[in-house]
Every structure is written in C-alpha cells, then in structure tokens.
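# Analysis of the macromolecular model
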Amino acid sequence: MTSSGFTFVADEPHNGALGDGPTPTEYLLMALASCTAQTLRQYVDYKYDTAGDITVEIEYHEPEQEGAERYLRRRITLSEEPDPDDLKVMHEIADRSPVTLLIQFAWSVRTEFIGPR
C-alpha cells in the first residue's frame, strides 16, 4: 500500500507465523491511537509549557454473548497529573478527534484516562 509517498505492508498471520506487517485491523487501531495522541498533544502543548508523555492503547472488545455490543476501549495514560477541569476537556477532545468521529459510525469507543505511571 502507498499513501503520500510512504509505503506500507499489511498482512495476516498464516499457519501460526506472523505476517509481513500489521493486519488491516491493527492499522485501524493504530490510526485511532495515533490520532488521539496527536490531537491531545496539540491541546497540551498549547495549554502547558510541559505536559509530559501521552500513551494511547486501543483494545477491541469482542462480546461473548450474542447481541452484546462490540466496542473499542481506549486507555490514555498521561505522565503528568492534569487539573480535573483540564482532564474533562481532554476527554472531550479525545472523543472529537478525527479518527474517533470517523469510526464511531461503526463502533462505540469508550475512553478512560489512567493516572501517571
């Protein structure tokens, strides 16, 4: 695959061996994680002189019961403890990041912030 002059490989594992690149689903999850981190980074760089690290992990939740909701769990870890009011704004910003808005048509995205590590 190519985009904007960059080349990427997508593959699926075969016979127990890893593929030659991330799966298409992994690319989707990486897109959500990186978009969330970049959107939050823009906010914290504007708001603070230094705001520490932002780590975003995405987990796909496959329901065990028929009819239960599928969703993506997004865990955002900040290395600095923000003010509670700023954390609320950051949650709203994460929920409005471009890739979040795009994929919410298909899945529910549930966001939680984790305290500094």
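As a reminder, the structure under discussion sits directly above these lines.
In short, a report on the structure. Model, not experiment: these values are computed from the prediction.

Calculation notes
- Residues numbered from 1 in each chain as written.
- Predicted model: local features only at pLDDT ≥ 70, side-chain atom pairs only at ≥ 80, totals over all residues.
- Heavy atoms only, no water.
- Phe/Tyr/Trp six-rings, centres within 6.5 Å; stacked < 30°, edge-to-face > 60°.
- Helix = DSSP H or I, 4+ residues; strand = E, 2+ residues; numbered from the N terminus.
- Buried < 20%, exposed > 50% of the residue type's maximum accessible area, 1.4 Å probe, protein only.
- Lys NZ or Arg CZ within 6 Å of the ring centre and 35° of its normal.
- Expected span 1.5 Å × (residues − 1).
- Contact = heavy atoms within 4.5 Å.
- Pairing = 2+ DSSP bridges.
- Axes fitted to C-alpha atoms, helices over the stretch in contact; angles between N-to-C directions.
- Left-handed = near helix turned anticlockwise from the far one by under 90°.
- Nonpolar A, V, L, I, M, F, W, Y, C, P; charged D, E, K, R; others polar.

## What to know about the packing of aromatic side chains
Counted under the stated rule, the structure contains 1 aromatic pair. Measuring from centroid to centroid gives 6.2 Å for Phe8 and Tyr27, while their planes differ by 85°, and the two rings are edge-to-face. Of this pair, Phe8 sits in the loop between β2 (6–7) and α1 (24–47) while Tyr27 sits in helix α1, and the two are 19 residues apart along the sequence. Given a relative accessible area of 34%, Phe8 falls into the partly exposed group. In this structure, Arg110 packs its charged tip against the face of Tyr71, placed 3.7 Å from the ring centre.

## Comments concerning α1
Over its 24 residues, α1 extends 35 Å from the first C-alpha to the last, a length consistent with the 34 Å expected when each residue adds 1.5 Å. Among the residues of α1, those classed as buried are Leu29, Leu32, Ala33, Cys35, Thr36, Thr39, Leu40, Tyr43 and Val44. Residues of α1 that are buried sit in contact with β3 (54–61), β4 (71–78), α2 (84–95), α3 (98–103) and β5 (108–114).

## Some points on the side chain of Thr23
Following the sequence through the fold, Thr23 ends up in the loop between β2 and α1. Dropping the residues within four chain positions of it, Thr23 is found in contact with Asp11, Glu12 and Pro13.

## Quick notes on the sheet that holds β4
Judged by pairing direction, the sheet is mixed, and its 3 strands sit side by side in the order β3-β4-β5 without closing on themselves. Of all strands in the sheet, those with a lone pairing partner are β3 and β5, marking the two edges. Taking the axes of each pair of neighbouring strands and ignoring which way they run, one obtains an average angle of 20° across the sheet. In this sheet, β5 lies alongside β4 in parallel orientation, the contact comprising 7 bridges. The residue bridging Thr77 from the neighbouring strand is Ile114, located in β5. Against the sheet, α1 contacts β3, β4 and β5, and its axis sits at roughly 150° relative to β3.

## Observations regarding the packing of α1 against α2
In the contact formed by α1 and α2, the axes pass within 9 Å of each other and the chain directions differ by 145°. Two packed elements cross with a definite hand, and for α1 against α2 that hand is right-handed. Counted together, Thr36, Thr39, Leu40, Tyr43, Val44 and Lys47 of α1 and Asp86, Val89, Met90, Ile93 and Ala94 of α2 form the full contact between these two elements. In terms of residue class, the contact of α1 with α2 is made up of 7 nonpolar, 2 polar and 2 charged.

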